[in-house]
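# Breakdown of the fold
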Number of protein chains: 2
Amino acid sequence: MRVVKEAEERRNEILDAADELFNQKGFDGTSTNDILEKVGIARGTLYYHFKSKEDIMDALIERYNVRILGAAREVAADKSIPVTERIIRVIMAIQISGGSNKEIMEHIHKPSNALMHQKIQKVIINGITPILAGIICEGIEQGLFHTPFPYECMEMIIAYANAVFDDDMVDLTTEERASRIQAYIFNTERLLGAESGSLMSIMQLFGSGTGSSSPESSHDFACKTD
Amino acid sequence: MRVVKEAEERRNEILDAADELFNQKGFDGTSTNDILEKVGIARGTLYYHFKSKEDIMDALIERYNVRILGAAREVAADKSIPVTERIIRVIMAIQISGGSNKEIMEHIHKPSNALMHQKIQKVIINGITPILAGIICEGIEQGLFHTPFPYECMEMIIAYANAVFDDDMVDLTTEERASRIQAYIFNTERLLGAESGSLMSIMQLFGSGTGSSSPESSHDFACKTD
DNA sequence: ATAATACCGACAGACAGTCGGTCGGTAACA
DNA sequence: TGTTACCGACCGACTGTCTGTCGGTATTAT
């Protein structure tokens, strides 16, 4: 008893199912059989709509891309919001997209699968950086920031945050994480040529519990003075 | 007609073969059959020595790790070399290990496979950063650098370089690459609180052809002034 | 001779993708 | 109106590849 649906509708059904499964089991841990069973279709149907498993992943990432960049651009364009606040909101747009999808986005950042993870990173770095760099340019005009390389600064800031805070690239204890956050903000100020202490509001991006104290490296790397 | 060899010797044969194949075809594109055929052993032999294909990759990465970090530590410990030169040599140790392995190392950085690539990145960032941070601390004592976060600075510098210059994370034209290098050096100076222009020697890490001119963002992102 | 280690190759199961065939919906035609 | 042809969506058995397993064998050292 076959059921015929519009191609667009079926494609989205497949993507919705894949979305859920990739979050639960990761890309590698999800078989095409898992996906087609969840949708309730046959193998041939799946491959009628997508040419490969990786094609499904790419379509899913593209769906997120459109959503994320759309949200980020809206925020960035709202000149009534102060520059710093806009930066924060754009970055938040990466983490929260469409309200009820928060948990989904968080899981997709987990190293469920390196390939998928890499592709998402690529989308974020190449997509979000120009938007943020645009905002930095406004800050430069307002005298908030001083750098001849707004784009490259934001690229560095985003790429690093991605590697250290969102990846499992660097294993951090709670203390180490707090220290990293402080250093991150300090270094962001330096890179952007912003006044010391002027970007502390970025801290809210990392949730609470990171207090605020004088700059100091609490990594096992305070320079030895012996 | 079976041939018996010492476990250590056989393990290295397998790793040598895997090394070559992973470079040629990537991890995903290399099957265990490829490896065992190249060595001239049976399936069961391969799995006698390694518990999985990923175990082979991990052993190979660990082999490189030991080699790379060893070379880096030697350089870092040579206090007769100026601080800046030592930084350069340590970074070069990542790219050139054991002379004749240069090409191999370069290929292993290619995105032959995301998982392997991710694991190598992790090793580099977590392994090299403390070594470099140690050197930075010496520079701080000598008044060359001024930062309360030597470790985090180097982490950011390494992580970013990895993402942009070694990954295919960001697609760069030759011009864009040159611009990125300039920005990278400029930003490195800022992060480390180094005197402007004092780290231009880092440029040699990127090969020739990057000239030298005044700081300017040649990304399509010079801030619009209208 | 015995025990431990290294080695062998047939096999099983999982998986992504293929391919010949079917079916529902629609347009064209008599 | 009924029939036919066509198209796109769908079906499921099958294929080939791959990783890892396991019962068995050969070699070496004692």
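Residues numbered from 1 in each chain as written. Chains lettered and ligands numbered in written order. Predicted model: local features only at pLDDT ≥ 70, side-chain atom pairs only at ≥ 80, totals over all residues. Heavy atoms only, no water.

## Description of the protein's contact with DNA strand C
Rule in force here: Whether a residue is near a molecule or strand is decided by its heavy atoms; if any one of them lies within 4 Å of it, the residue is near. Whenever two N or O atoms come within 3.5 Å, that pair is a polar contact, provided that in protein one can donate a hydrogen and the other can accept it, and provided that, for residues adjacent in sequence, both atoms are side-chain atoms. Starting at the N terminus, helices and strands are each numbered in turn, a helix being any DSSP run of H or I of at least four residues and a strand any DSSP run of E of at least two.
Neighbouring residues of DNA strand C: 22 residues in total, closest Arg-2 and Arg-43 of chain A together with Thr-45, Tyr-48 and His-49 of chain B. Backbone atoms, meaning sugar and phosphate, form 55% of the atoms of DNA strand C found within 4 Å of the protein. Contacts to DNA strand C include Arg-2 of chain B, whose side-chain N or O atom sits 2.7 Å from a base oxygen. In this structure, a phosphate oxygen belonging to DNA strand C sits 3.3 Å away from a main-chain N or O atom of Val-3 of chain B. Contributions of two or more residues to the surface near DNA strand C are made by helix 3 (43-49) of chain A together with helix 1 (7-29) and helix 3 (43-49) of chain B. For the surface near DNA strand C, the element with the highest residue contribution is helix 3 of chain B, accounting for five residues.

## Structural notes on the relation of the copies chain B and chain A
The test is simple: The superposition of copies rests on a least-squares fit of C-alpha positions from residues with pLDDT of 70 or more in both. Residues are treated as being in contact if the distance between any of their heavy atoms lies within 4.5 Å.
Aligned on chain A, chain B shows an RMSD of 0.1 Å; the corresponding rotation is 180° and the shift along the axis is 0.0 Å. A rotation of that kind, with that shift, is consistent with a two-fold axis. Identified as the residue of chain B closest to the rotation axis by C-alpha distance is Ala-114 of chain B, at 2.6 Å. By residue overlap, the copies meet face to face through one surface: 100% of the interface positions of chain B are interface positions in chain A.

## Points about the domain arrangement of chain A
Our working rule: Boundaries between domains were set according to an automatic or database domain assignment.
In terms of domains, chain A is made up of domain 1 (1-50) and domain 2 (64-207). The C-alpha centroid of domain 2 of chain A is placed 32 Å from the C-alpha centroid of domain 1 of chain A.

## Focus on the interface of chain B and chain A
This is how it is decided: As used here, buried area is the combined drop in accessible area, with a 1.4 Å probe, of two parts when they are placed together. Only one rule defines a salt bridge in this text: a Lys or Arg side-chain nitrogen within 4 Å of an Asp or Glu carboxyl oxygen. As a working rule, the residues Ala, Val, Leu, Ile, Met, Phe, Trp, Tyr, Cys and Pro are called nonpolar, Asp, Glu, Lys and Arg charged, and the rest polar, with Gly in that last group.
Across the boundary between the two partners, chain B contributes 51 residues, which contact 51 residues of chain A. Summed over both sides, the interface of chain B with chain A buries roughly 4,400 Å², with 66% coming from carbon and sulfur. Applying the counting criterion to the chain B and chain A interface returns two salt bridges. Run the count over chain B and chain A and you get 11 residue pairs in polar contact (both at pLDDT 80 or more). Where the side of chain B that touches chain A is concerned, the elements lending two or more residues are helix 7 (114-141), helix 8 (150-166) and helix 9 (174-192) of chain B. Top contributing element to the side of chain B that touches chain A by residue count: helix 7 of chain B, with 14 residues. Taken together, the residues that form the side of chain B that touches chain A break down as 28 nonpolar, 13 polar and 10 charged.

## Remarks on helix 1 (residues 7-29) of chain A
All names here are of chain A. Put simply, the test is: A helix is expected to span 1.5 Å multiplied by its residue count minus one. Note on bend: at a given residue it equals the angle between the axes fitted to the 7 residues ending there and to the 7 starting there. Only protein chains enter the accessibility calculation, which uses a 1.4 Å probe; a residue whose area is less than 20% of its type maximum is buried, one above 50% is exposed, and one in between is partly exposed.
For helix 1, which comprises 23 residues, the first-to-last C-alpha distance of 27 Å sits more than 12% below the rise-based estimate of 33 Å (1.5 Å per residue). Along helix 1, the largest kink reaches about 90° and is centred on Asn-23. For helix 1, the complete set of buried residues consists of Arg-10, Ile-14, Leu-15, Ala-17, Ala-18, Asp-19, Leu-21, Phe-22, Asn-23, Gly-26 and Phe-27.

## Thoughts on the pattern of salt bridges
Summed over the entire model, instances satisfying the criterion amount to 22 salt bridges over all chains. The shortest N-O distance in the salt bridge between Lys-38 of chain A and Glu-20 of chain A comes to 3.5 Å. Here Lys-38 of chain A is found in helix 2 (residues 32-39), whereas its partner Glu-20 of chain A is found in helix 1, with 18 residues between them in sequence. For Lys-38 of chain A, a relative accessible area of 40% gives the class partly exposed. Glu-138 of chain B is the salt-bridge partner of Lys-79 of chain B, the closest N and O atoms lying 3.3 Å from each other. Of the two residues, Lys-79 of chain B is situated in the loop between helix 4 (53-77) and helix 5 (83-95) and Glu-138 of chain B in helix 7; the sequence distance between them amounts to 59 residues. Given the relative accessible area of 15%, Glu-138 of chain B is considered buried.

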